[in-house]
Amino acid sequence: MRGRIPCQPQQSNTMSPRILNTAKPTPTPAPAQRHHHPPPPRKLGRRAASAAIAIAAAPALLSVVSSAPSSKAQEPEPEPAPVAGADAAPTTTAPGLPCLAELPITATAFLDVSIGGEPAGRITVGLFGDASPAGASRFMSLVTGVGYRRKEFVKIVPGYVQHGGVVSYPAVPAVTDRLAAEADAQRARCAAAGGGGTVHAAAGAVSIVVRDPSLPPPKPKLVAKGGKLEVEEEQVGVAPNATEFVVTTAAAPELDEAAVLVGRVLGGMDVVEKIAAVPTVRDNGGSPYFRVAKLIGDKRAVVAERGFNRPYTKIVVTNCGVLSKTE
């Protein structure tokens, strides 16, 4: 027929290979190559990536730690403590022994004590007349007669108990200055002897109070005398008159500045412990209200401060005296 286009099968066969050859061939990866080159992983979050890095690095870290020496192995081992033997130097059982236990005793005194009206026992005191002549003589003069008899313990604090002494005794500067000088000499001797370097470094020390380190200095004031103004020093507080005494229940180095050592407890330390166990008025000196009241000079603060650490129960020396004295 005239309008029909004849088929050309050979021409279509020759064009097909030409079209396929113009495109870049896409190589198919071999199975072995797919095993050694895995497809890229999916994008991980920050926490997941950190966890993956930690898991991957764990074997390497473990190998490094296991190969590194331990820190304890680098430190030198402590030397073994020396074994006490025949060549070992003797040690003291308590600090301050050269200042207390080795001093010679020249006299023995006693103090009978009652707590709440009930007898508590007797305290026996050995006096150091050679090492503390002024202090031991002062104490002996107070235990005889009516000095300490019927007088009370007025202060109980951790480390020592304190007797109120005799109020009627005037504070004579010549006496108190001599006792203070003796206290300074004792402190210097103990510092040179070692054993803690403090006089009151053990329980059982008996001392007389000769100073008050917390006592403020005198205040100047104007007074009219004979029609003229004169400046005088007003003593704030009451200075010790060297009749109050303390007995230590533990180390109390704060007493080195305030008291002179006169002896030590030979017997009745259990009585001292009974005194120390009596309940006392709570020390409220750290209260801001008390500080303000004392700062402005409120007399109620002064009265309250005198009652701090005072025992609720009356503790009295019912009898006292000297048992023996060496010439």
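Note that the coordinates shown come from a computational prediction; the quantities given were computed from them, not determined experimentally. (Residues numbered from 1 in each chain as written. Predicted model: local features only at pLDDT ≥ 70, side-chain atom pairs only at ≥ 80, totals over all residues. Heavy atoms only, no water.)

**Student:** So what exactly am I meant to see when it comes to helix 7 (residues 269-276) here?
**Tutor:** Since one α-helical turn is 3.6 residues long, residues separated by three or four positions face the same way. Listed in full, the buried residues belonging to helix 7 are V271, V272 and I275. One side of helix 7 holds all its buried residues, which, seen down the axis, span an arc of 100°. (Buried < 20%, exposed > 50% of the residue type's maximum accessible area, 1.4 Å probe, protein only. Helix = DSSP H or I, 4+ residues; strand = E, 2+ residues; numbered from the N terminus. Arc of directions from axis to C-beta.)

**Student:** Whenever I open this one, the environment of P170 confuses me. Can you help?
**Tutor:** Following the sequence through the fold, P170 ends up in the loop between strand 4 (160-163) and helix 6 (173-193). Along the primary structure P170 and N241 are separated by 71 residues, whereas in three dimensions their C-alpha atoms are 6.2 Å apart.

**Student:** How should I be thinking about helix 5 (residues 133-143) in this particular structure?
**Tutor:** Extensive coverage of helix 5 is indicated by the burial of 8 of its 11 residues. For helix 5, the set of buried residues is A134, G135, A136, R138, F139, M140, L142 and V143.

**Student:** Which parts of the structure should I look at to understand unusual backbone geometry?
**Tutor:** Note on backbone geometry: most residues besides glycine have negative phi, and most peptide bonds are trans. Backbone geometry places R150, a non-glycine residue, at a positive phi of 65°. Its location among the elements puts R150 in the loop between helix 5 and strand 3 (153-157). Given a relative accessible area of 57%, R150 falls into the exposed group.

**Student:** Looking at this structure, how should I read the packing of helix 5 against helix 6?
**Tutor:** Two measures define how a pair of helices packs: the angle their axes make with one another and the distance between the axes. Two elements in contact, helix 5 and helix 6, have axes separated by 8 Å at closest approach and are oriented at 125°. For the element pair helix 5 / helix 6, the angle class is oblique. For the pair helix 5 and helix 6, the contacting residues are P133, A134, G135 and R138 in the first and V175, R178, L179 and E182 in the second. Classifying every residue of the contact of helix 5 with helix 6 gives 4 nonpolar, 1 polar and 3 charged. (Axes fitted to C-alpha atoms, helices over the stretch in contact; angles between N-to-C directions. Parallel < 35°, antiparallel > 145°, perpendicular 65-115°, else oblique. Contact = heavy atoms within 4.5 Å. Nonpolar A, V, L, I, M, F, W, Y, C, P; charged D, E, K, R; others polar.)

**Student:** Would you take a moment to explain the packing of aromatic side chains for this structure?
**Tutor:** Each aromatic ring pair is described using two quantities: the centre-to-centre distance and the angle formed by the ring planes. One pass over the structure, following the stated rule, counts 4 aromatic pairs. A network of ring pairs unites the aromatic residues F139, Y148, F153 and F245 as a single cluster. One residue, R122, lies across the ring of F110, its end atom 4.0 Å from the ring centre. (Phe/Tyr/Trp six-rings, centres within 6.5 Å; stacked < 30°, edge-to-face > 60°. Lys NZ or Arg CZ within 6 Å of the ring centre and 35° of its normal.)

Just geometry here; none of it tells us what the structure is for.
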